[in-house]
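For reference, the chains in residue letters:
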Amino acid sequence: SAVISQKPSRDICQRGTSLTIQCQVDSQVTMMFWYRQQPGQSLTLIATANQGSEATYESGFVIDKFPISRPNLTFSTLTVSNMSPEDSSIYLCSVEEQGAEAFFGQGTRLTVV
Amino acid sequence: AQSVTQPDIHITVSEGASLELRCNYSYGATPYLFWYVQSPGQGLQLLLKYFSGDTLVQGIKGFEAEFKRSQSSFNLRKPSVHWSDAAEYFCAVSPPGGDYKLSFGAGTTVTVRA
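Along each chain, the written sequence defines residue order, and numbers are assigned to residues from 1. Note on labels: chains are lettered from A, ligands numbered from 1, in written order. pLDDT decides what is reported in this predicted model: residues at 70 or higher carry local features, side-chain atom pairs at 80 or more are listed and counted, and totals for whole chains, interfaces and linings draw on all residues regardless. Hydrogens and waters are ignored; side-chain quantities use all the structure's heavy atoms.

Colleague: A description of the overall build of chain A should follow, citing residues and the corresponding values.
Modeller: Within chain A, the regular secondary structure consists of zero helices and 11 strands. When the helices and strands of chain A are read in sequence order from the N terminus, they spell out β-β-β-β-β-β-β-β-β-β-β. We take the radius of gyration over the C-alpha atoms and set the globule estimate at 2.2 Å times the residue count to the 0.38 power. Relative to the globule expectation of 13 Å for 113 residues, the C-alpha radius of gyration of chain A, 13 Å, shows essentially globular dimensions. Residues count as neighbours in contact if any of their non-hydrogen atoms are within 4.5 Å of one another. Taking contacts inside chain A between residues at least 6 apart in sequence as the whole, the part at least 24 apart equals 52%. Charge convention: Lys and Arg are scored as positive, Asp and Glu as negative, and His as well as the terminal groups of each chain are ignored. Just so you know, the charge point we use is NZ for Lys, CZ for Arg, CG for Asp and CD for Glu. Taking the 7 positively charged and 10 negatively charged side chains of chain A as two groups, their mean positions are separated by 10 Å. Only DSSP runs of H or I with at least four residues qualify as helices, and only runs of E with at least two residues qualify as strands; both kinds are numbered from the N terminus onward.

Now the structure itself:
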């Protein structure tokens, strides 16, 4: 299975600032996704990171707030922009492998103060 | 739109006792079905998956799940729980043969008492 590394693992940020989260995979993967897990909640898909093109966002998520890059088949970044306390969540990178089996990184625990 | 329901928010079970976690889905066709576990401070780990075929699926850590089309259910079971099974369990679905995007249930927290 793919090994997924996320950086940072956690951060505390001031409101109004931005944080970029990195996701590195140890093998080339076609599909990469970003999820959000708000405190005590389940996971919600933010977007699909497309290699070489703009990400595909789910309802309720917009590019200005969550810009995503995917320069190659092993790397992606998610930026949380102009943060507010409501953005405090765990953000998880996921990749699809072996036919619709998704693997997840350890997540980035973000606290906005 | 698809939805996933986990009716039990929290389950407490004694060590050595059996465990069953419920999952129901609403979808136009039979989706791909998954169970994930999230231990405190950890990422998500896939326990098992169902795409097609045998409706009883074996997974890791002694877990199994049964797909019942008539009930739109995919319940997770373990015959004898261990203290290390205390965690959050998520049922998830994705479109069959499709875009691999996962929709998750709300999760069930399992507490294991000695």
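Colleague: So, the sheet that holds strand E7 (residues 68-72) of chain A: which residues are in play, and what are the values?
Modeller: Residue and element names in this part refer to chain A. Within the open sheet, the four strands sit side by side as E1-E3-E8-E7. Their pairing is antiparallel. One side of each edge strand has no neighbouring strand; the edge strands of this open sheet are strand E1 (4-7) and E7. The sheet shows a mean angle of 15 degrees between the axes of neighbouring strands, taken without regard to direction. Any two strands with at least two DSSP bridges between them are considered paired. Taken together, the three bridges between E7 and strand E8 (residues 75-80) define a ladder with antiparallel strand orientation. Following the sheet pairing, isoleucine 68 is matched in E8 by leucine 78. Whenever a helix is involved, its axis is fitted only over the stretch in contact; in every case the axis is a line through C-alpha atoms, and angles between N-to-C directions fall within 0 to 180 degrees.

Colleague: Lay out the pattern of salt bridges with the relevant residues and their values.
Modeller: Here, a salt bridge means any Lys or Arg side-chain nitrogen found within 4 Å of an Asp or Glu carboxyl oxygen. Using the criterion set out here, one finds six salt bridges over all chains in the structure. Where A:Glu58 meets B:Lys101, a salt bridge forms, and the shortest distance between an N and an O atom there is 3.0 Å. Residue A:Glu58 is found in the loop between strand E6 (56-57) and E7, and its partner B:Lys101 is found in the loop between strand E10 (87-94) and strand E11 (103-104); the two belong to separate chains. We note a salt bridge from A:Asp87 to A:Lys65, for which the minimum N-O separation is 2.6 Å. With A:Asp87 in the loop between E8 and strand E9 (89-97) and A:Lys65 in the loop between E6 and E7, the pair connects residues that are 22 residues apart, well separated along the chain. Categorising residues by exposure relies on relative accessible area from a 1.4 Å probe, with only protein chains included: less than 20% of the type maximum marks a residue as buried, more than 50% marks it as exposed, and the intermediate range marks it as partly exposed. Judged by relative accessible area, which is 5%, A:Asp87 ranks as buried.

Colleague: Please give an account of the pairing of strand E4 (residues 31-37) of chain A that cites residues and values.
Modeller: Residues and elements named next belong to chain A. Counting buried residues along E4, seven of its seven residues qualify, which places the element largely inside the surrounding structure. Burial of E4 is two-sided: the residues Met31, Phe33, Tyr35 and Gln37 facing one way and the residues Met32, Trp34 and Arg36 facing the other way are all buried. Two strands pair when backbone bridges link them, and E4 and strand E5 (residues 43-49) are joined in this way by six bridges, in the antiparallel orientation. Bridging across to E5, tryptophan 34 finds its partner in alanine 47. Linking two consecutive strands that pair antiparallel, namely E4 and E5, is a turn of five residues; a positive phi of about 70 degrees is found at glycine 40 within it.

Colleague: With reference to specific residues and values, describe the state of the cysteines.
Modeller: Criterion for a disulfide: a pair of cysteine sulfur atoms at a distance within 2.5 Å. Scanning the model with the defined rule gives two disulfides over all chains in all. In this model, A:Cys23 is linked to A:Cys93 through a disulfide, with the two sulfur atoms separated by 1.9 Å. For the disulfide bridge between A:Cys23 and A:Cys93, the dihedral angle about the S-S bond is near -65 degrees, and by the sign convention the bridge is left-handed. One end of the pair, A:Cys23, is in strand E3 (residues 19-25); the other, A:Cys93, is in strand E9, and 70 residues separate them in sequence. Residue A:Cys93 is classed as buried on the basis of its relative accessible area of 0%. Two residues share a disulfide in this structure: B:Cys23 and B:Cys91, whose sulfurs sit 2.0 Å from each other.

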